[in-house]
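Chains, contacts and geometry: an overview
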Amino acid sequence: MKELIEAIAKALVDNPDQVQVRTVEGEQVTVLELRVHPSDLGKVIGKQGRTARSIRTILGAAGMKLKKRFTLEILE
Amino acid sequence: MGSEAAQPASQDRPPARELESYRAPIEALLNTIIARGGFQLSFTMRRLTSPEADLEAPELVVDFSGPDSDLLVEANGELLNALEYIVLKAVRLEEELFTKITFDCHQFRRLRREELKLMAQVAADRALESGAPFPLERLTARERRIVHLALRERSDVRTESQGYGAERRLVIIPAALGRNSAGPDRR
């Protein structure tokens, strides 16, 4: 799932080499922490958070297929 | 090397040609997302040469099929819309052109449009019966536009979108209530 978020984030930002995703496994839920270059934050969040919401929708659907819950944290 | 190929008989109009250049990057990113997300989906892309009788007039359709089609269209196409938005953003399509490329799955767009038109008429009648503004469920900008257009011909109601971002709602207002509302920007 890390690879999915990495691919999406890299496609959205201007500095793909600065994209980092860390997986934090919890009991109920796996947290994916996304870090991008500060100037790219807007690119992964979007107007009124629309881009972030869309990424979360895709992540949620992919997680559903694995019967696991994932959440996306975008770190500043 | 020297022989220049003859000019093709038909030349694309410039905007059409430009749209075509998004095809390869869309395909590449979708293949990556489908593979890494473990989605059982495949897609084809087709050009609509004469835009179908459709106000949105998309010119390029990305059509999905496969075992995960249901996942795409559930919750009013939430995943389909999310994929469309992310992919079109990622390939750097200008937002004014977002309506030119549409993601679809088993006629979802057409069926949803018909559903919205019907919903618009029913909600308009409901607003008239109650004599009060009738807010619709949350819709996307594209869906609101369909409802606005569906009710444009009716003189007994008017439509307005209120609120911002994901919370923006389309409200149907009986014409008798007059026009003194806060944010009359139509979308």
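Residues numbered from 1 in each chain as written. Chains lettered and ligands numbered in written order. Predicted model: local features only at pLDDT ≥ 70, side-chain atom pairs only at ≥ 80, totals over all residues. Heavy atoms only, no water.

**Let's talk about the interface of chain B and chain A**
Interface extent is often summarised as the accessible area lost during association of the parts. For clarity, the cut-off: When checking whether two residues touch, look at their non-hydrogen atoms; a contact exists if any pair is within 4.5 Å. In this description, buried area is defined as the sum, over both parts, of the accessible area (probe of 1.4 Å) that is lost when the two are combined. Salt bridges, as used here, are contacts in which a Lys or Arg side-chain nitrogen is within 4 Å of a carboxyl oxygen on Asp or Glu. Whenever two N or O atoms come within 3.5 Å, that pair is a polar contact, provided that in protein one can donate a hydrogen and the other can accept it, and provided that, for residues adjacent in sequence, both atoms are side-chain atoms. Every helix listed is a DSSP run of H or I at least four residues long, and every strand listed is a run of E at least two residues long, numbered separately from the N terminus.
Each partner contributes residues to the interface: chain B has 24 residues there, and chain A has 21 residues. Across the interface of chain B and chain A, roughly 1900 Å² is buried in total on both sides, 68% from carbon and sulfur atoms. Viewed at the interface, chain A and chain B are joined by 3 salt bridges. The partner of K47(A) in a salt bridge is E95(B), with the nearest N and O atoms 3.7 Å apart. Counting across the chain B and chain A interface gives 7 residue pairs in polar contact (both at pLDDT 80 or more). Secondary-structure elements contributing two or more residues to the side of chain B that touches chain A are α2 (23-37) and α3 (69-90) of chain B.

**Thoughts on the domain arrangement of chain B**
Residue and element names in this part refer to chain B. How we decide: Each domain's extent was defined by an automatic or database domain assignment.
In terms of domains, chain B is made up of domain 1 (18-106) and domain 2 (112-177). Here domain 1 and domain 2 have C-alpha centroids that lie 27 Å from each other. Counting from both sides, the interface comprises 7 residues of domain 1 and, opposite them, 9 residues of domain 2. When domain 1 packs against domain 2, the two sides together hide about 670 Å² of surface, and 32% of this comes from carbon and sulfur. Applying the counting rule to domain 1 against domain 2 returns 1 salt bridge.

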